[in-house]
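# Summary of the model geometry
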Amino acid sequence: MMLSENLLQQIYDAVSNEPGIDTPELCLEINHADIVDPDYRGETLASWLSEWHPEPWSLLCDHVDQLIETGYIVFTDNGNLYPVGYQGDVI
């Protein structure tokens, strides 16, 4: 799988602008032009994305994993994403 520098930057920018966003909501935000929000959240949204939009969901997850592995963002125990060095309130 080829990682896209553009998508990595989009994800990092979105996490920086919305600290505490979770991966399913991030997927909706990044793909808002192609995926209609079903008004699900959390694990239900993740399952829905996996079933109905597996390609953009997998692609986004791979890129999020890369940003976590390279130390640009962190994934907390409650499933939220934050830029490394974030100093605000943790949701």
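Look up: the structure comes first, before these words.
The rules behind each value
The written sequence of each chain sets the order in which its residues are numbered from 1. Totals for whole chains, interfaces and linings use every residue, but because this is a predicted model, local features are given only for residues with pLDDT of at least 70 and side-chain atom pairs only at 80 or more, for both listing and counting. Side-chain calculation: all heavy atoms of the structure are included, whereas hydrogens and water are not. By salt bridge we mean one thing: a side-chain nitrogen of Lys or Arg within 4 Å of a carboxyl oxygen of Asp or Glu. Here a helix means four or more residues in a row that DSSP labels H or I, a strand means two or more in a row labelled E, and each is numbered from the N terminus.

## Section: the pattern of salt bridges
One pass over the full model with this rule turns up two salt bridges. One salt bridge connects Arg 41 with Glu 25, and the closest N-O pair in it is separated by 3.8 Å. Linking Arg 41 in the loop between α2 (23–30) and α3 (43–52) with Glu 25 in helix α2, this pair joins segments that are 16 residues apart in sequence. Measuring nitrogen to oxygen at the nearest pair gives 2.8 Å for the salt bridge that ties Arg 41 to Asp 37.

## Some thoughts on unusual backbone geometry
You will see that Asp 39, though not glycine, has its phi angle at about 65°, which is positive. Locating Asp 39 in the fold gives a position in the loop between α2 and α3.

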